[in-house]
Amino acid sequence: MSVGATFLGGAKSRLLPRSIPFRFFAAAAVFHVMMWLGLLNGADEATGFRGGLGATLASVHLLTLGILTTTAIGAAVQLLPVATRRTLHAVWPIQLIFWLAVPGLIALIIGMHTAQTRILIPASAMTAVGLLLFCGLLADNLRRTSSLPVVGAYGWAALAALVLVTVFGVTLAINNEIGVLPDHGAVALAHLILGGFGFMGLLALGFSHILIPMFALAPAPEKRPSFISFALSSVAVFLGTLGALAGSRNILTVAALTGLAGAASHLWLMHRVLKAGMRKRLGLSFILVRAAWIMLPATLLVGLAALYGFAGANGGTLFGFVLLFGWLLTFLVAILQRIMPFLASMFATPQASGGSAIVSELANARSLKLHAACHGLAFAVIVVAIVLDNAMVARLGIAIGLIGALAFAWFTADVIRRILPAD
Ligand code: HEM
């Protein structure tokens, strides 16, 4: 039986109230627009950004915490109980996570943008409590399930990375005030690797083992090669973190090569899933999925080139940009534009009782086409801006990205409008 059928079988009985997942998706859509506005405001420093408090770091966290992590929480709290067939004990912990993490990250962004540690430090503590609560919830769900061992393994590894990225993040915030760390930059790089490849990267690879087979109506990938791929990717994250903390180019090189092997094995598994799938026409979202799949190994190749000085003066910035925008943001918006209508269709009035066919109606929404075009073009223009170290070109790319984010926010609002409870 395909993953899709298994998944759909138990879905309705394990649905959370619609406001739970959609409050996270709505917040992410707003932070998406704010991120591009923040980048526009800090365009002069963005093309050569190498860390440090200011407008670009604030935009990095509007992306990493505001869009990626917020969406991951919204998706995980709804998808995991359905996939694992283990309901969550209660809804209030998720509401508490939302009211800690979202206001906390808004204050964190203000603290980073204004470089005021008296705002940054308490805000990072508040955000950290929200994220660690989510870790507890995720751990409780994973602990009670054995039906999806591969997804479970990715879930535990991503959870461990989130605990570490949060601890490193709070430490970096405090260190901007008291300066005790022997090498601030090394911890910042380890924080980036744990956040980008560890938490978000492993979560994206793990959820792909449920979502890609579900959308393609295909069986899940075989266990053995899936566990080998998982092992390669996790070891790469571990070595990357170690290499960053030790400041060792050799260990970082081995990490990148192991990561390339992990990425190649994952893409091979996903290729086989699409080949075996009953649904061949997968639409616009899978053009973005395939683009993101190209960006995953490209990130590691740019990282290697930057490590050996072959990626130009802004090689480190280019590496971070391809990782966060090229691989993670592209994959996330591709999946989000599928799961939001799918989830909404569970709440909407069924067609048989006069309801509308949300999924098919929204699949080719003009807002999504505009978003996809702007996202791709913005990415290409900003890559050129980073290589040329040109703020004017960066502003053009960022303006295009902003239009795309507004289109995606329109799409998100359109989905939510359709599931608002009738008066
Ligand atoms: C409670 C949560 C978090 C806090 C308090 C936090 C805090 C920080 C701080 C203070 C820095 C600046 C380092 C510097 O001075 O250069 C930083 C850098 C960064 N953070 Fe976070 N962060 C958090 C979560 C995350 C997450 C979840 C991700 C990724 C998914 C992330 C990605 C990054 C990146 C990419 C950088 C730039 C690294 C660099 O400076 O080279 N952060 N973070």
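Above this text you will find the structure in question.
Note that the structure is predicted; figures quoted are calculated from it, not measured. (Residues numbered from 1 in each chain as written. Predicted model: local features only at pLDDT ≥ 70, side-chain atom pairs only at ≥ 80, totals over all residues. Heavy atoms only, no water.)

Caption draft 1: Here's a closer look at unusual backbone geometry. Not every positive phi belongs to a glycine, and Leu217 is a case in point at roughly 50°. Counting through the fold element by element, Leu217 comes out in the loop between helix H8 (184–216) and helix H9 (223–246). Although it is not a glycine, Asp389 adopts a positive phi angle of roughly 50°. By the secondary structure assignment, Asp389 is in the loop between helix H14 (366–388) and helix H15 (391–419). When its relative accessible area of 47% is taken as the criterion, Asp389 is described as partly exposed. (Helix = DSSP H or I, 4+ residues; strand = E, 2+ residues; numbered from the N terminus. Buried < 20%, exposed > 50% of the residue type's maximum accessible area, 1.4 Å probe, protein only.)

Caption draft 2: The site of the ligand, seen in detail. The environment of the ligand is formed by 24 residues, the closest being Gly52, His61, Ser124, His184 and His191. Here His61 contributes a side-chain N or O atom positioned 2.8 Å from a nitrogen atom of the ligand. Contact between the ligand and His191: a nitrogen atom at 2.7 Å from a side-chain N or O atom of the residue. Of all the secondary structure elements, the ones that give two or more residues to the shell around the ligand are helix H4 (55–84), helix H5 (92–114), helix H6 (117–143), helix H7 (149–178) and H8. Of the residues that constitute the shell around the ligand, the class distribution is eleven nonpolar, 13 polar and no charged. (Near = heavy atom within 4 Å. Polar contact = N/O pair within 3.5 Å; in protein donor to acceptor, adjacent residues only side chain to side chain. Nonpolar A, V, L, I, M, F, W, Y, C, P; charged D, E, K, R; others polar.)

Caption draft 3: Main features of the coordination of the iron atom of the ligand. On the protein side, the iron atom of the ligand has His61 (NE2) and His191 (NE2) as donor atoms, found 2.0 Å from it. Considering all six donor atoms around the iron atom of the ligand, the spread of angles at the metal, 85 to 179°, places the coordination shape in the octahedral class. Here His61, found in helix H4, pairs with His191, found in helix H8; they are 130 residues apart in sequence, far enough to count as distant. Look at His61 and you get buried, because its relative accessible area is 10%. Here His191 falls in the buried class, since its relative accessible area comes to 18%. (Donors = N, O, S within 2.8 Å, 3.2 Å for Na, K, Ca; no water. Tetrahedral: all angles 85-135°; square planar, octahedral: opposite > 155°, others 65-115°.)

Caption draft 4: Layout of empty space enclosed by the protein. Applying the stated criterion across every chain, the model contains seven cavities of 30 Å³ or more. One number sums up the size of the largest cavity: a volume of about 210 Å³. If you trace the largest cavity, you find 16 residues lining it, with Ala204, Phe207, Phe331, Leu332 and Ile335 closest to the centre. Elements that contribute at least two residues to the lining of the largest cavity include exactly H4, H8 and helix H12 (315–347). Per-element accounting of the lining of the largest cavity gives the leading share, six residues, to H12. Residues of the lining of the largest cavity, tallied by class, amount to 15 nonpolar, one polar and no charged. Considering only enclosed or pocket space, the second largest cavity measures out at about 70 Å³ in volume. In this structure, the second largest cavity is lined by Leu80, Leu138, Leu142, Val151, Tyr154, Gly155, Leu202, Leu203, Gly206 and Phe207. Those elements that place two or more of their residues in the lining of the second largest cavity are H6, H7 and H8. The greatest single-element share of the lining of the second largest cavity, amounting to four residues, is contributed by H8. For the lining of the second largest cavity, the residue count by class is eight nonpolar, two polar and no charged. (1 Å grid on protein atoms, 1.4 Å probe; cavity = no way out; pocket = protein on both sides within 12 Å on 5 of 7 lines; lining within 4 Å. Points joined across faces, edges and corners; volume = space filled by probe spheres on them.)

Caption draft 5: Geometry of the packing of helix H10 (residues 249–276) against helix H11 (residues 284–307). Orientation of H10 relative to H11, taken along the N-to-C sense of each, is 165°, at an axis distance of 9 Å. In terms of axis orientation, H10 runs roughly antiparallel to H11. Handedness of the crossing formed by H10 with H11: left-handed. Judged by residue contacts, Arg249, Leu252, Thr253, Ala256, Leu257, Gly259, Leu260, Ala263, His266, Leu267, Met270 and Leu274 of H10 engage Phe286, Arg290, Trp293, Leu296, Pro297, Leu300, Leu301, Leu304 and Leu307 from H11. Of the residues belonging to the contact of H10 with H11, the class tally is 16 nonpolar, three polar and two charged. (Axes fitted to C-alpha atoms, helices over the stretch in contact; angles between N-to-C directions. Parallel < 35°, antiparallel > 145°, perpendicular 65-115°, else oblique. Left-handed = near helix turned anticlockwise from the far one by under 90°. Contact = heavy atoms within 4.5 Å.)

Caption draft 6: Up close: the side chain of Ser233. Within the secondary structure, Ser233 sits in helix H9. When its relative accessible area of 8% is taken as the criterion, Ser233 is described as buried. With residues up to four places along the chain from it excluded, the contact list for Ser233 reads Leu202, Leu205 and Gly262.

Caption draft 7: Structural context of H5. With 23 residues, H5 extends 33 Å from end C-alpha to end C-alpha; this agrees with the ideal 33 Å at 1.5 Å per step. One or two positions beyond H5, positive phi appears at Ala115, with a value near 55°. (Expected span 1.5 Å × (residues − 1).)

Caption draft 8: View of the environment of Ala255. As for its placement among the helices and strands, Ala255 is situated in helix H10. Here Ala255 falls in the buried class, since its relative accessible area comes to 6%. Along the sequence, Ala255 and Val33 sit 222 residues apart, while their C-alpha atoms lie 34 Å from each other. When neighbours within four sequence positions are excluded, Ala255 is seen to be in contact with Ala236, Leu239 and Gly240.

Caption draft 9: Structural view of the pattern of salt bridges. Tallied over the full model, the rule gives five salt bridges. The shortest N-O distance in the salt bridge between Arg417 and Asp414 comes to 2.6 Å. Taken together, the residues span about one helical turn, with Arg417 and Asp414 both in helix H15 at a distance of three residues. According to the relative accessible area criterion, Asp414 is buried, its value standing at 16%. Between Arg418 and Asp414 there is a salt bridge; the shortest N-O distance is 3.2 Å. Of the two residues, Arg418 and Asp414 are both situated in helix H15; the distance of four residues between them amounts to about one turn of the helix. Looking at Arg418, the relative accessible area reads 24%, which means it is partly exposed. In this structure, a network of salt bridges that share partners links the residues Asp414, Arg417 and Arg418. (Salt bridge = Lys/Arg side-chain N within 4 Å of Asp/Glu carboxyl O.)

From the geometry alone we can't say anything about function, so treat these as descriptive.
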